[in-house]
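Residues per chain, in single letters:
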Amino acid sequence: MSGWQGLLKEYAAWFDLAGVDEVVTLQEGNTPLLRADRLSERLGAHVWLKFEGVNPTGSFKDRGMTMAITKAKAHGATKVICGSTGNTSAAAAAYAAKAGLECVVLVPEGKIALGKLAQAMVYGATVLQIRGNFDQALDLARELTQHLPITIVNSINPDRIEGQKTGAFEIVDVLGRAPDILAIPVGNAGNITAYWRGFLQYYEAHRSTSLPRMWGFQAAGAAPIVLGHPVANPETIASAIRIGNPASWVPALEVVHESHGDIRAVTDDDILDAYRYVARYESVFCEPASAASVAGVLKFGVPEGATVVCVLTGNGLKDPDTALSSSARPPVVDATLEALMSELGG
Ligand SMILES: *Cc1c(COP(=O)(O)O)cnc(C)c1O
């Protein structure tokens, strides 16, 4: 057999896989690092897009889920649970199905993108919509693990962070070095923590000679880390980062400190502008939350000539509602040559 075998096999040396005799994989990872010509020109820098939307379930969550489900299975779990803004539930449901485990997902009612809900349902998870927000869903998932024999696979599960560090490995493997700046959306703050761990491990093993500054971006209506206090009712169009009390808040602050980085806020308008821009000028259709990374570098600028990687965390197809509502409706015309000619200015 040849070809990409999935993260746990390709990067086996970087993980503790003691007790694991069967890896649960959908051949996640190995995602494109695209050179962004227009953005590079606009910013006077070398800008790359790490497009995580082509993972098996359409987001970077698959990197953490291959590890979390592999370990859960190795430890004899039969059931997993997560609270989710959508993508975690899609990934958990898919990997649980592959492993033959039951999966329960708690999502905030009416607050997750349509495609993500569809994924969890079709992969066969037990989906419960709670009358509450993501933070409450996560708290309840945690509490349930005290009462039921069930393993939590949110990013508070350390196996998730371990798997997700591979995003950093792949970037260095392609560029031959760490970027000067890694721009990334921040919700629960697990991914910024994971990327930093990956960059550090490669640096310590002399796979790279430098470390990036870590620039995290929250949505302005859901920016607890920027504000310095939890947000009771987070609001943003970027539903994947609509989180008021991040689980990895403290680790994320350490990342910012150690990397001389920053976590800043971008508005929904900034996010939607960036979302349309990367689609139109870089041909990448990401979801709104993902575009926070690009919105951030466009808003705050980058040092001239810097090498910048923006992580685009998920696939735009997951959120058709935002795609349609942020574009003009296509006109309907008669099925005649005349009507088309008149519409197209012929
Ligand atoms: C989960 C998610 C994020 C946020 O990642 P955190 O680890 O929670 O900070 C950003 N974008 C997308 C598309 C996500 O699914």
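Residues numbered from 1 in each chain as written. Predicted model: local features only at pLDDT ≥ 70, side-chain atom pairs only at ≥ 80, totals over all residues. Heavy atoms only, no water.

This part takes up the domain arrangement of the protein. Bring the parts together and some accessible area is lost; that lost area is often taken as the interface size. Once the domains are mapped, the protein shows domain 1 (7-59 + 160-325) and domain 2 (61-156). Once you take the C-alpha centre of each, domain 1 and domain 2 turn out to be 21 Å apart. Across the boundary between the two partners, domain 1 contributes 48 residues, which contact 37 residues of domain 2. The contact between domain 1 and domain 2 buries some 3300 Å² in all, and 52% of this surface belongs to carbon and sulfur atoms. (Domains from an automatic or database assignment. Contact = heavy atoms within 4.5 Å. Buried area = accessible area lost by both parts, 1.4 Å probe.)

The strand order across the open sheet built from four strands is β5-β4-β3-β6, with neighbouring strands paired in parallel fashion. One side of each edge strand has no neighbouring strand; the edge strands of this open sheet are β5 (126-130) and β6 (151-152). Here helix α6 (residues 134-147) sits on the sheet and contacts β3 (79-83), β4 (102-108), β5 and β6; the angle it forms with β3, its principal contact strand, is near 155°. (Pairing = 2+ DSSP bridges. Helix = DSSP H or I, 4+ residues; strand = E, 2+ residues; numbered from the N terminus. Axes fitted to C-alpha atoms, helices over the stretch in contact; angles between N-to-C directions.)

The next subject is the site of the ligand. With respect to spatial proximity, 16 residues lie near the ligand, and among them K61, N87, N188, A189 and T313 are the closest. A distance of 2.8 Å is found between an oxygen atom of the ligand and a backbone nitrogen or oxygen belonging to A189. Between the ligand and G190, the relevant distance is 3.2 Å, taken from an oxygen atom to a main-chain nitrogen or oxygen of the residue. Against a free-state accessible area of 380 Å², the protein chains account for coverage of 97% of the ligand. Partitioned by chemical class, the residues of the shell around the ligand number six nonpolar, eight polar and two charged. (Near = heavy atom within 4 Å. Polar contact = N/O pair within 3.5 Å; in protein donor to acceptor, adjacent residues only side chain to side chain. Areas by Shrake-Rupley, 256 points an atom, 1.4 Å probe, with all protein chains shown as cover. Nonpolar A, V, L, I, M, F, W, Y, C, P; charged D, E, K, R; others polar.)

Once that is clear, we can look at the packing of aromatic side chains. Going through the model one piece at a time under the given rule, you end up with nine aromatic pairs. Ring plane angle 45° and centroid distance 6.3 Å describe the contact between Y195 and F199, whose orientation is recorded as tilted. On the criterion of helical spacing, the pair formed by Y195 and F199 is a turn pair, its members being four residues apart in helix α9 (residues 190-204). Its relative accessible area of 1% is what places Y195 among the buried residues. When the centroid spacing of 6.3 Å and the interplanar angle of 55° are considered together, the rings of Y275 and F285 count as tilted. Residue Y275 is found in helix α12 (residues 268-282), and its partner F285 is found in the loop between α12 and α13 (292-300); the two are separated by 10 residues along the sequence. Look at Y275 and you get buried, because its relative accessible area is 4%. Given the relative accessible area of 32%, F285 is considered partly exposed. Following the ring pairs from residue to residue traces out a cluster consisting of W4, Y11, W14, F169 and Y202. For R35, the ring lying beneath its charged end belongs to W48, and the centroid distance is 6.0 Å. (Phe/Tyr/Trp six-rings, centres within 6.5 Å; stacked < 30°, edge-to-face > 60°. Buried < 20%, exposed > 50% of the residue type's maximum accessible area, 1.4 Å probe, protein only. Lys NZ or Arg CZ within 6 Å of the ring centre and 35° of its normal.)

With respect to the element layout, P320 can be found in helix α14 (residues 320-325). Each C-alpha atom, one on P320 and one on G296, is 23 Å from the other, the two residues being 24 residues apart in sequence. Not counting residues up to four positions away in its chain, the partners in contact with P320 are L114 and G115.

On to the pattern of salt bridges, then. Counting across every chain of the model gives 15 salt bridges. Put simply, R63 and E52 hold a salt bridge, and the shortest N to O gap is 2.6 Å. A residue pair is termed long-range when its members are at least 10 positions apart, and R63 in helix α3 (residues 61-74) and E52 in the loop between β2 (46-51) and α3 qualify at 11 residues. Across this residue pair, the class does not change: R63 and E52 are buried. By sharing partners, the salt bridges in this structure join K50, E52, R63 and E170 into a single network. (Salt bridge = Lys/Arg side-chain N within 4 Å of Asp/Glu carboxyl O.)

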